[in-house]
Amino acid sequence: MTAQATAPVVDIRGLHKSFGQREVLKGVDLTIAPGEVVCVIGPSGSGKSTLLRCVNQLETASAGSVEVLGTEITDPDVDIDAVRSRVGMVFQGFNLFAHLTVLENCTVAQRKVLRRPKEEAERIALENLERVGLGDRGDAHPHQLSGGQQQRVAIARALAMDPQLMLFDEPTSALDPELVGDVLAVMRALAEGGMTMMVVTHEMAFARDVADRVVFIDGGVIVEEGAPADVIGNPQHPRTQLFLQRVLDPTHAHGTTTD
Ligand SMILES: Nc1ncnc2c1ncn2[C@@H]1O[C@H](COP(=O)(O)OP(=O)(O)OP(=O)(O)O)[C@@H](O)[C@H]1O
Ligand SMILES: [Mg+2]
């Protein structure tokens, strides 16, 4: 393979991020290869969302470098819109336009950013709605859909832009439990199709089954990373062990591990 083919999709080095006096990321190094699925886990407030947001410049690094698809996005002269047009992002909230139909929600950015003609944008939108199991709901408005369906529309909308990287920030955490499975199934299919994905999640079963690599972050640093079977199945660091105890068995973990 050429160097080009193996170049990382995301290459984060020495990333620091402070909000005022508060340092939230304290030197993070993380590389994601093409086709790799990396799940980021860790306690609330550990910096997971901040890390993800630094990958498309929704937050600006205080120090360090963040290279995405070969572009150094901390460079002040970067064309960040060009980078963002190749990166799909799915948040906890769906952020669909309430006054637009599902189909329109999935064509707006295609037409504005990629300048696709209406018919082509609609065809691609429909293909992606079918991919997430909603090919027959293009005429609906978001409020007529369940939370899980809305989140799948948000995924279809991102996929319609032909992203080379998908970022997910707890995409299922606002959903009723019975709606989570459909969204995770879509994400799993995406991963199996070879999409490069960085997923912040509390869904340990998903991380264990789908991730190529799990990254445990606590206090703004990567404490442990590796194959899911190792990090989730056999964590080495006491902080990882404590976190997993609490997440996997919340009723029986009462600070039995100390750091
Ligand atoms: N815009 C901001 N201004 C000030 N502080 C912020 C800002 N965004 C995040 N923080 C702080 O940074 C820390 C890390 O936040 P972050 O959202 O990255 O955590 P997280 O790991 O995603 O947590 P959760 O699991 O609850 O989503 C928190 O203490 C948070 O209060
Ligand atoms: Mg978060």
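Residues numbered from 1 in each chain as written. Chains lettered and ligands numbered in written order. Predicted model: local features only at pLDDT ≥ 70, side-chain atom pairs only at ≥ 80, totals over all residues. Heavy atoms only, no water.

### So, the overall build of the protein
1) Next: Per the secondary structure count, the protein includes eleven helices and ten strands.
2) Next: The C-alpha atoms of the protein give a radius of gyration of 19 Å, which matches the 18 Å a tight globule of 259 residues would have.
3) Next: Across its three principal axes, the protein shows a C-alpha extent of roughly 60 × 45 × 40 Å.
4) Next: Burial statistics for the protein: of 259 residues in total, 49% are counted as buried. (Helix = DSSP H or I, 4+ residues; strand = E, 2+ residues; numbered from the N terminus. Rg over C-alpha atoms; globule rule 2.2 N^0.38 Å. Buried < 20%, exposed > 50% of the residue type's maximum accessible area, 1.4 Å probe, protein only.)

### A closer look at the UniProt feature "domain: ABC transporter" (unreviewed entry) in the protein
1) Next: Within this structure's numbering, the places UniProt gives as "domain: ABC transporter" (unreviewed entry) are residues 10-244.
2) Next: Note that residues 10-244 is 35% helix and 25% strand, and that its end C-alpha atoms are spaced 26 Å apart. (UniProt positions renumbered as here; feature names shortened; annotations may be inferred.)

### Comments concerning the confidence of the model for the protein
1) Next: Chain-level statistics for the protein give a pLDDT mean of 93 and a share of 95% at 70 or above.
2) Next: Low pLDDT (under 50) marks residues 255-259, which in the prediction has ten contacts with non-local residues, meaning those over four places away or in another chain. (pLDDT = per-residue confidence, 0-100. Contact = heavy atoms within 4.5 Å.)

### Some points on the site of ligand 1
1) Next: Around ligand 1 sit Phe-19, Arg-22, Val-24, Pro-43, Ser-44, Gly-45, Ser-46, Gly-47, Lys-48, Ser-49, Thr-50 and Glu-170, and that is every residue in its neighbourhood.
2) Next: Ser-46 has a polar backbone atom sitting 3.2 Å from an oxygen atom of ligand 1.
3) Next: Contact distances for ligand 1 include 2.6 Å between an oxygen atom and a side-chain N or O atom of Thr-50.
4) Next: Surface burial for ligand 1 is 61%, taken as the share of its 640 Å² of free accessible area covered by protein chains.
5) Next: Mapped onto the shell around ligand 1, the elements with two or more residues apiece are strand 2 (22-32) and helix 2 (48-54).
6) Next: The biggest single contributor to the shell around ligand 1 is helix 2, with three residues.
7) Next: Looking at the shell around ligand 1 residue by residue, the class counts come to three nonpolar, six polar and three charged. (Near = heavy atom within 4 Å. Polar contact = N/O pair within 3.5 Å; in protein donor to acceptor, adjacent residues only side chain to side chain. Areas by Shrake-Rupley, 256 points an atom, 1.4 Å probe, with all protein chains shown as cover. Nonpolar A, V, L, I, M, F, W, Y, C, P; charged D, E, K, R; others polar.)

### Observations regarding helix 11 (residues 238-248)
1) Next: Buried residues of helix 11: Thr-240, Leu-242, Phe-243 and Leu-244, and no others.
2) Next: Looking at the buried side of helix 11, the elements it contacts are strand 3 (37-41), helix 9 (204-210), strand 9 (213-218), strand 10 (221-226) and helix 10 (228-231).

### Some points on the packing of aromatic side chains
1) Next: Counted under the stated rule, the structure contains one aromatic pair.
2) Next: A ring pair is formed by Phe-216 and Phe-243, whose centres lie 5.3 Å apart and whose planes are at 40 degrees; its orientation type is tilted. Of this pair, Phe-216 sits in strand 9 while Phe-243 sits in helix 11, and the two are 27 residues apart along the sequence. (Phe/Tyr/Trp six-rings, centres within 6.5 Å; stacked < 30°, edge-to-face > 60°.)

### Topic: the packing of helix 7 (residues 147-159) against helix 8 (residues 177-192)
1) Next: Between helix 7 and helix 8, the least distance of the axes is 8 Å, while the angle of their chain directions is 20 degrees. Between helix 7 and helix 8, the interaxial angle falls into the category roughly parallel. Note that helix 7 runs across helix 8; the crossing there is right-handed. Taken together, the residues of helix 8 that come into contact with helix 7 (itself represented by Gly-147, Gly-148, Gln-151, Arg-152, Ile-155 and Leu-159) are Leu-179, Asp-182, Val-183, Val-186, Met-187 and Leu-190.
2) Next: In terms of residue class, the contact of helix 7 with helix 8 is made up of seven nonpolar, three polar and two charged. (Axes fitted to C-alpha atoms, helices over the stretch in contact; angles between N-to-C directions. Parallel < 35°, antiparallel > 145°, perpendicular 65-115°, else oblique. Left-handed = near helix turned anticlockwise from the far one by under 90°.)

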